[in-house]
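The chain contents come next:
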Amino acid sequence: MRIASALVVVAIALGAEWLGGWVWAGFVMVVAAGVLFEWRALVRAMDLGLARQLLWTVGGILYIAPAAAMLLMLREGENGFANVLTVIALVAAIDIGAYFTGRSIGGPKIAPSISPSKTWAGLLGGVLGATGLLWLSAGLSGATAAWWQILALGAVAAVIAQAGDFFESWMKRRAGVKDSGKLIPGHGGLFDRVDGLIAVCFVLAMLTLGGAM
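Here we summarise the structure given alongside this text. (Residues numbered from 1 in each chain as written. Predicted model: local features only at pLDDT ≥ 70, side-chain atom pairs only at ≥ 80, totals over all residues. Heavy atoms only, no water.)

### Brief notes about the overall build of the protein chain
Looking only at helices and strands, one finds seven helices and zero strands in the protein chain. Counting helices and strands in the order they occur from the N terminus, the protein chain gives α-α-α-α-α-α-α. What you see for the protein chain is a C-alpha radius of gyration of 17 Å, in line with the 17 Å of a compact globule of 213 residues. With the C-alpha coordinates aligned to their principal axes, the bounding extent of the protein chain is approximately 50 × 45 × 40 Å. Buried residues in the protein chain amount to 41% of all 213 residues. Residue pairs in contact within the protein chain that sit at least 24 positions apart in sequence constitute 67% of those at least 6 positions apart. Carbon and sulfur atoms make up 73% of the accessible area of the protein chain, which amounts to about 11,900 Å² in all. Each charge class in the protein chain was averaged separately, 14 positive and 11 negative side chains, and the resulting centres sit 10 Å apart. (Helix = DSSP H or I, 4+ residues; strand = E, 2+ residues; numbered from the N terminus. Rg over C-alpha atoms; globule rule 2.2 N^0.38 Å. Buried < 20%, exposed > 50% of the residue type's maximum accessible area, 1.4 Å probe, protein only. Contact = heavy atoms within 4.5 Å. Areas by Shrake-Rupley, 256 points an atom, 1.4 Å probe, with all protein chains shown as cover. Lys, Arg positive; Asp, Glu negative; His and termini not counted. Charge placed at Lys NZ, Arg CZ, Asp CG, Glu CD.)

### Some words on the packing of helix 3 (residues 50–74) against helix 6 (residues 147–175)
Running from N to C, helix 3 and helix 6 point in directions that differ by 155 degrees, and their axes come no closer than 15 Å. Regarding the angle of helix 3 to helix 6, the classification is roughly antiparallel. The two elements helix 3 and helix 6 meet at a crossing, and its hand is left-handed. Here helix 3 contributes R52, W56 and Y63 to the contact with helix 6, which in turn contributes G164, F167, W170, M171 and R174. Among the residues making up the contact of helix 3 with helix 6, the classes are represented as five nonpolar, one polar and two charged. (Axes fitted to C-alpha atoms, helices over the stretch in contact; angles between N-to-C directions. Parallel < 35°, antiparallel > 145°, perpendicular 65-115°, else oblique. Left-handed = near helix turned anticlockwise from the far one by under 90°. Nonpolar A, V, L, I, M, F, W, Y, C, P; charged D, E, K, R; others polar.)

### Here we look at the side chain of K172
Tracing the backbone shows K172 in helix 6. On the accessibility criterion, K172 (12% relative accessible area) is buried. Discounting residues that sit within four places of it in the chain, K172 has contacts with L42, V177, K178, D179, S180 and D192.

### Brief notes about the packing of aromatic side chains
For any two aromatic rings, the description comes down to two numbers: the centre-to-centre distance and the angle of the planes. One pass over the full model with this rule turns up eleven aromatic pairs. Pairing W39 with F191 gives two aromatic rings, centres 5.9 Å apart and planes at 35 degrees, and the pair type is tilted. A residue pair is termed long-range when its members are at least 10 positions apart, and W39 in helix 2 (residues 21–45) and F191 in helix 7 (residues 190–212) qualify at 152 residues. For W39, a relative accessible area of 2% gives the class buried. Aromatic side chains W56 and F167 sit 6.4 Å apart centroid to centroid with 10 degrees between the ring planes, which places their arrangement in the stacked category. Taken together, the positions of W56 in helix 3 and F167 in helix 6 put the pair 111 residues apart, joining distant regions of the chain. Looking at F167, the relative accessible area reads 30%, which means it is partly exposed. Pairwise contacts between aromatic rings join W39, W56, Y63, F167, W170, F191 and F202 into one cluster. (Phe/Tyr/Trp six-rings, centres within 6.5 Å; stacked < 30°, edge-to-face > 60°.)

### Brief notes about the pattern of salt bridges
In total, this model carries four salt bridges according to the counting rule given. A salt bridge links K172 to E168; its shortest N-O distance comes to 3.8 Å. Here K172 pairs with E168, and both are found in helix 6, just four residues apart, close to one helical turn. E168 carries the same exposure label as K172, and that label is buried. Linking K172 and D192 is a salt bridge whose minimum nitrogen-to-oxygen distance equals 3.0 Å. Taken together, the residues span a long stretch of sequence, with K172 in helix 6 and D192 in helix 7 at a distance of 20 residues. D192 carries the same exposure label as K172, and that label is buried. Salt bridges sharing partners connect three or more residues here, namely E168, K172 and D192. (Salt bridge = Lys/Arg side-chain N within 4 Å of Asp/Glu carboxyl O.)

### Section: a nonpolar patch on the surface
On the surface, W135, W147, W148 and L151 cluster together to form a nonpolar patch covering roughly 510 Å² of accessible area. Examining the composition of the nonpolar patch, we find that three residues originate from one element, helix 6, more than from any other. Position of W135 among the secondary structure elements: in helix 5 (residues 120–141). (Patch = residues over 30% accessible without salt bridge, like charges linked within 9 Å, V, L, I, M, F, W, Y side chains within 5 Å.)

Any functional reading would require information beyond the geometric quantities listed.
Next comes the structure, spelled out in structure tokens:
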């Protein structure tokens, strides 16, 4: 069930990205709205006051909306499909590298009170996964970059993606739930699947905004 649902989700996402235009825009906005809905459900479960719930909701919008806008912006232009695919594949490589390395090596936990399964070895695996993906992407695109630049970018991307994962895990622990939702069989909610992607795209959006200013 977990594998089947993952394949369906990937097929829908890739199909929407391939078509681009209003299809991709609609897909991104639907996912963003779904994540914000789950964010609100977590906030309500935190048992906060009305004012703090409102602040958390505004914070969710300010966090999710720039990430969604970044995905739309990346899809524009001649290399739009490749750009979005690279970012998504980068986050996937981080998750896969962290999962298998963490399970194989184990070792000290990063923050057991927030996410008991996350280890320093897993973070290193995420860095290696990101570096490998970026190296492959650079080779396919013909881009030139020193090995240390690719490694540094991979390390930064892995830390950002893992931070997004930890942040969502903290929200779920504060709310007393295991998953952000039940939309995807075997995977939980939308927020569970895109927490790292949102973090990476949010940082990219802030860097783009900073560069424009």
